[in-house]
Structure formats: C-alpha cells, structure tokens
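Coordinate analysis (summary)
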Amino acid sequence: MAETTDKPVVDPVKMPKMKMSSSALAKMNAWAIAGATFFGFCAIFVAIAGFTKGKWIFSFPIFTALLGVNATSFISTALLVALFAVAFSIFAIVTINKVTDAETTKNTWACIAKTFLAFAIVYAIDMIGIIIYSLMSIGRKRYDQGPLWLSSFLPTVILFGASVGMHFIAKAIAHGKTSLLRVMSIVSVCIAGVALILVFIQSMVSFYGKSSTSKYEDMLEDYSGLLDLLK
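Anyway, here's the lowdown on the structure attached to this text. (Residues numbered from 1 in each chain as written. Predicted model: local features only at pLDDT ≥ 70, side-chain atom pairs only at ≥ 80, totals over all residues. Heavy atoms only, no water.)

1. Examining the overall build of the protein
The number of helices and strands found in the protein is 8 helices and 0 strands. The helix and strand sequence of the protein, counted from the amino end, reads α-α-α-α-α-α-α-α. The buried share of the protein, reckoned over its 231 residues, is 32%. A sequence separation of at least 24 residues applies to 78% of the contacts in the protein between residues at least 6 apart. On the protein, roughly 15200 Å² of surface is accessible, and the fraction owed to carbon and sulfur atoms is 69%. (Helix = DSSP H or I, 4+ residues; strand = E, 2+ residues; numbered from the N terminus. Buried < 20%, exposed > 50% of the residue type's maximum accessible area, 1.4 Å probe, protein only. Contact = heavy atoms within 4.5 Å. Areas by Shrake-Rupley, 256 points an atom, 1.4 Å probe, with all protein chains shown as cover.)

2. Concerning the nonpolar core
With 39 residues, the main nonpolar core has Phe 38, Phe 58, Trp 109 and Ile 112 as its most contacted residues. Those elements giving two or more residues to this core turn out to be helix H1 (22-51), helix H4 (77-95), helix H5 (102-136), helix H6 (146-174) and helix H7 (180-208). Considering each element in turn, this core owes the most residues, 12 residues, to H1. Setting aside chain neighbours within four positions, we find Ile 112 in contact with Ala 30, Trp 31, Ala 34 and Ala 170. (Core = buried A, V, L, I, M, F, W, Y, C linked by side-chain atoms within 4.5 Å.)

3. Quick look at the environment of Cys 111
Relative to the helices and strands, Cys 111 resides in helix H5. For Cys 111, a relative accessible area of 38% corresponds to the partly exposed category.

4. Remarks on a nonpolar patch on the surface
Where nonpolar side chains cluster on the molecular surface, the patch consists of Phe 51, Ile 197, Phe 200, Ile 201, Met 204, Val 205, Phe 207 and Tyr 208 and spans about 850 Å² of accessible area. With 7 residues, the single largest contributor to the nonpolar patch is H7. Position of Ile 201 relative to the elements: it lies in helix H7. Of the residues examined, Ile 201 reaches a relative accessible area of 39% and is grouped as partly exposed. (Patch = residues over 30% accessible without salt bridge, like charges linked within 9 Å, V, L, I, M, F, W, Y side chains within 5 Å. Salt bridge = Lys/Arg side-chain N within 4 Å of Asp/Glu carboxyl O.)

5. Side note on the packing of aromatic side chains
This structure, assessed with the given rule, holds 10 aromatic pairs. Aromatic side chains Phe 116 and Phe 119 sit 5.6 Å apart centroid to centroid with 85° between the ring planes, which places their arrangement in the edge-to-face category. One end of the pair is Phe 116 and the other is Phe 119, both in helix H5 and 3 residues apart, which spans about a single turn. Exposure remark for Phe 116: the relative accessible area of 5% places this residue in the buried category. (Phe/Tyr/Trp six-rings, centres within 6.5 Å; stacked < 30°, edge-to-face > 60°.)

6. Description of the packing of H1 against H6
Packed helices, taken two at a time, are described by their axes: the angle between them and the distance between them. Packing of H1 against H6 brings their axes to within 11 Å, and their N-to-C directions diverge by 160°. Compared by their axis directions, H1 and H6 come out roughly antiparallel. In terms of crossing hand, the pair formed by H1 and H6 is right-handed. Between H1 and H6, the residues in contact are Ala 34, Thr 37, Phe 38, Phe 41, Cys 42 and Phe 45 and Ile 158, Leu 159, Ala 162, Ser 163 and Met 166, respectively. Per-class residue counts for the contact of H1 with H6 are 9 nonpolar, 2 polar and no charged. (Axes fitted to C-alpha atoms, helices over the stretch in contact; angles between N-to-C directions. Parallel < 35°, antiparallel > 145°, perpendicular 65-115°, else oblique. Left-handed = near helix turned anticlockwise from the far one by under 90°. Nonpolar A, V, L, I, M, F, W, Y, C, P; charged D, E, K, R; others polar.)

7. Examining the side chain of Thr 156
In this structure, Thr 156 sits in helix H6. A polar contact is formed between the side chain of Thr 156 and the side chain of Asp 126, at a distance of 3.4 Å. Residues in contact with Thr 156, not counting those within four places in the same chain, are Tyr 123, Asp 126, Met 127 and Ile 130. (Polar contact = N/O pair within 3.5 Å; in protein donor to acceptor, adjacent residues only side chain to side chain.)

8. What about the side chain of Asn 29?
Topologically, Asn 29 is positioned in helix H1. Residue class for Asn 29 comes out buried when judged on its relative accessible area of 2%. When neighbours within four sequence positions are excluded, Asn 29 is seen to be in contact with Phe 91, Ala 92, Thr 95, Ile 96 and Val 99.

9. Points about H1
With 30 residues, H1 should reach 44 Å at 1.5 Å per residue; the first-to-last C-alpha distance of 43 Å fits that figure. After H1 finishes, the residue Lys 53 shows a positive phi value of roughly 55°. (Expected span 1.5 Å × (residues − 1).)

10. Observations concerning the environment of Thr 115
For Thr 115, the position within the fold is in helix H5. In this structure, the C-alpha to C-alpha distance between Thr 115 and Met 166, residues 51 residues apart in sequence, is 9.5 Å.

Following this line, the structure appears as structure tokens:
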C-alpha cells in the first residue's frame, strides 16, 4: 500500500510579502484619488465629444504627453484615460481604510493643491492666448473662428474649472478636512465608472454605427473600385 503523508508533494511557492510604509500608502492613496477624479472627468468629456463625430474636439494633451505618441496612435486616448482612472479609483477605495498617517496625508494633498494650481495657471494662460489670437484674426478672410472657440477655448475652460475645483478640494483636505477623503474616494469610483461606460459606448458606436467608416477606409474603398475598373 502506498505511503501517504500530510505534506504536499509539491512545495508551495513562497512569495515575498510586500510591505508598504504608512507614509507611502498615504501618498499613493492621495494621488490615486486625485488622478482618478481628474482623469475620469476628462475622459467623460472626451467621450461626449466623440459622439459629435468631429463637430466638437476635446483633447487631453497632458495625458498624451505622459504616455507618448506611440501609445495613443492606435488606441483611443479616451479609453486609456478611462482605464487609468478606474485603476486609480479601485486602488483608492481599497486602501482608504488603511491610511493612518494624517500628517503625510495633509502634506501630500497640499502638494496636490499646488500641482492643480499650476495646471489652472497654464490653462488660464492658454485661454488668454486663444482670446488674443482670436482678436488678431478678426480681419482674416476665410477664417472660421467657430472651431477655435468650440474645440480649443471651451475644452480649456472645462479643464481650467476642473483644475481649480481639484485645487480647492485638495487645499481643504490639506487644512484638516480629512472627512472629504472617503467622499472623494467614492466620487472618484463613480466618475471613473461613468467615464469607462461612456467611452465604451462611444467606441462601439464609432465602430459599428451607420457612419462608422473613417475617411481612410473610404479612400481605400474608392482606390479598390478604381483598380477594379482598370482590370
């Protein structure tokens, strides 16, 4: 009769346990909440602009610059932004109860407040530049200022408002209103979830809608038809 023991035949693989300090966890949680909220908010407007089929363009150049052109050339930028927002929001909601370092949390949110204030200043300068350029181009013939205001100025105003809002929320948390942390973690999950759903629907509509073919595909079809005639 074969001998049997309680010891497993194959030794279990021992995985090293990752230990994270309370200060590191507080920093990562804070940036995850801020990133999920801001990225999710932007992804929602990118998806909304996608439903207009090019009539309104809402771009997110900061995210594109972070990932590089290669990452966003063939994959929808809105999808990437929404996925990052969902990932950040999940991490934030899972780790919110484990944050114990109040001082690091306040300092990190103070840094976040300064970061979004810098974003707001950049967007404000961008808006001033758009206004000046619009005034300079008033006398130019055959220049339609509609796209300049709709697809350039309006998105900048929205991003400016989001940056200002994030600045004041982060500033409030940095000054001791830590009760906003749980609220913001829940808000980040809701915003990221809505963003992913909208981006998914918009992508499916663009792929399988009645007018889903791109100009490049139309050009290929015309070229193929021309070759058939020449045969």
